[in-house]
Each structure stands twice: as C-alpha cells, then as structure tokens.
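A structural walkthrough
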Amino acid sequence: GAVLLGLFVLAGIIGPLVAPYDPGYQNPAPGLSLHAPYGAHLLGTTQTGQDVLSQLLTGIRLTGELAIIVGVVATALSVIVGVSSAFLGGIWDELLSLLSNVFLVIPALPLLIVLLGYLQTKGQDATILVLSGLGWPWGARVIRAQTLAIRNRDYIAAAQETGEKSWRVIAFEIVPNEVSLIAASFVNTVLYAIGASVALAFIGVADLNSWSLGTMLYWAQSQQALELGAWWWFIPPGL
C-alpha cells in the first residue's frame, strides 16, 4: 500500500514536469488519430492525436490535489462538529446532531450535480467547495461517538477540576486520543472525493477544460473509445 501510494504521489509531484507532450496539443497528423501505444506515445493517442500518457500524468496531480484538499477541509469540519457536539452536550449536541443527520440523509451525488449545475464557475474551486461541504457528516458522527466515550474518563474530569478551559481540554486531552480515528476519516474522505470528482467530470458537470482523471474518461466516453476499441484511452485513467 505504501509503495502504491508513493508511486501516485511521485507521479502527482513530477508528472506534469516529465510529461512528454502538452496534454491538450492536438496533433493534426492523420496517422496519430487513435494510435495504439508505441515508442513515441507509450499510452497511445486520442482521436485528435493527443498524448494519453501526458494527460494521465497531469490528471493524477489535479485529481490528487482536489482529493487531499477536500480531505483536509472535510475532516477538519468533522472534528469540529463531532467533538463540539459531544463535549458541549445539551442543546448544542442536539443542534449539531440534527445538522449532521440532515446532511446524511441528503443523496450526495444528485445534490452535487444540482449545485455544480447552478454555480456559474465550474472550476476546481467550485468542486472542492461542494465536495467539502457534503463530505464531513459521516466522520462527524463517528468522532462524536468516540468523544462521548472519552468525555467521561477520569483524566478529562481531572483536567476540568483543575480549571482548564474547554478549548484546552478538547485540544490537548480529547483530540490527541482520536488521532487514529481522524486519520481513518481523512482517508475515507479522500477516497470519497476521488470517486465523486471523477464521477462529476465523467458526466460533464465539472470543469472540462482542465485535465483530470474524470475529464479523460469523459472525453474517452464522448468520443466512443470503447466502441472503437481504443482501450489505451480509458483503461489507464480507470485503473
């Protein structure tokens, strides 16, 4: 797992720098339309002569950046809402739990499609904003449950008896004991962001002017790569 993750991170960091061609360059040579992989184009070309390897190396970075940013923002919201809800209790717990439940019952993908369809700009920022706003409730519920279990521990009561402020108890006593849970929530959110962003680009509601894994699949599908047998166009980004 670490080796695979390292390969993708390395590809995201240096990929666009070592890409052999401009991913958007359309080669007018007739023989390069849907050309199978060979020496000059290791992953073949698209219907307009674009280099698939260059698009893939660029797309990994863009998709990875989006997923990590969404993971960080949504996980931070999960921690804030989940810990605050359980630690404060009372009316705050009821309100924050209600907010989490409302977001949980909303079907995410249809709402994403509607929101991105309404937004005037369909760039990376809009997708990050929408995915972050809908990606935190599951983590918040889990973190809330863990905080409820920790809240009644003796060391929490001792910290409160010594007069420590609530924010210090949360920051130095509760959150450090939930690091593994927060990390797992971050990983799950990153996976959610990758899948959702690719799905949104694939159906054409994300920014199609930038090269991500989703836009690669969108153009492959719209140009009938499967029917034409151009497996090198859709299998690499799909994998």
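See the structure shown above.
Let us look at the structure shown here. (Residues numbered from 1 in each chain as written. Predicted model: local features only at pLDDT ≥ 70, side-chain atom pairs only at ≥ 80, totals over all residues. Heavy atoms only, no water.)

**Comments concerning empty space enclosed by the protein**
Overall, the coordinates contain 2 cavities of 30 Å³ or more when judged by the stated rule. Here the largest cavity defines a volume of roughly 130 Å³. Considering the residues around the largest cavity, the lining is formed by 15 residues, among which Leu66, Gln124, Ser197, Ala206 and Ser212 are closest to the centre. Elements with a contribution of two residues or more to the lining of the largest cavity: helix H2 (52–88), helix H5 (124–134) and helix H9 (179–202). Estimates place the volume of the second largest cavity at around 30 Å³. (1 Å grid on protein atoms, 1.4 Å probe; cavity = no way out; pocket = protein on both sides within 12 Å on 5 of 7 lines; lining within 4 Å. Points joined across faces, edges and corners; volume = space filled by probe spheres on them. Helix = DSSP H or I, 4+ residues; strand = E, 2+ residues; numbered from the N terminus.)

**Observations regarding the packing of aromatic side chains**
The final tally for this structure, using the stated rule, is 3 aromatic pairs. Taking the centre distance of 5.2 Å and the plane angle of 50° together, the rings of phenylalanine 103 and tryptophan 136 count as tilted. You can see phenylalanine 103 sitting in helix H3 (residues 90–105) and its partner tryptophan 136 sitting in the loop between H5 and helix H6 (137–151), a full 33 residues away along the chain. When its relative accessible area of 6% is taken as the criterion, tryptophan 136 is described as buried. Centre to centre, the rings of tryptophan 231 and tryptophan 232 are 5.8 Å apart; their planes meet at 80°, and the pair counts as edge-to-face. In this structure, arginine 168 packs its charged tip against the face of tryptophan 167, placed 5.8 Å from the ring centre. (Phe/Tyr/Trp six-rings, centres within 6.5 Å; stacked < 30°, edge-to-face > 60°. Buried < 20%, exposed > 50% of the residue type's maximum accessible area, 1.4 Å probe, protein only. Lys NZ or Arg CZ within 6 Å of the ring centre and 35° of its normal.)

**Digging into the nonpolar core**
Of all hydrophobic cores here, the largest spans 17 residues; its most connected members are Leu66, Val70, Leu112, Leu116, Leu131 and Leu200. Mapped by element, the contributors of at least two residues to this core are H2, helix H4 (108–118), H5 and H9. Once you skip the residues sitting within four places of it in the chain, leucine 66 turns out to touch Gln124, Thr127, Ile128, Leu131, Ala193 and Ser197. One finds Leu34, Leu56, Val198 and Ala225 within the second-largest nonpolar core, a separate group that totals 15 residues. (Core = buried A, V, L, I, M, F, W, Y, C linked by side-chain atoms within 4.5 Å. Contact = heavy atoms within 4.5 Å.)

**Considerations on the layout of surface pockets**
In this model, the largest pocket occupies a volume close to 730 Å³. Along its surface, the largest pocket is lined by 24 residues, and Leu5, Phe8, Ile60, Gly64 and Ile194 are the ones closest to its centre. Looking at the lining of the largest pocket, the elements that each hand over two or more residues are helix H1 (2–18), H2, H9, helix H10 (213–222) and helix H11 (231–238). Looking at the lining of the largest pocket element by element, the count peaks at 8 residues for H2. Of the residues contributing to the lining of the largest pocket, the split by class is 18 nonpolar, 4 polar and 2 charged. Reported here for the second largest pocket is a volume of approximately 320 Å³. Looking at the lining of the second largest pocket, the elements that each hand over two or more residues are H3, H6 and H9. In terms of residue count, the dominant contributor to the lining of the second largest pocket is H9 (6 residues). (Nonpolar A, V, L, I, M, F, W, Y, C, P; charged D, E, K, R; others polar.)

These results come straight from atomic positions and should not be treated as a statement about function.
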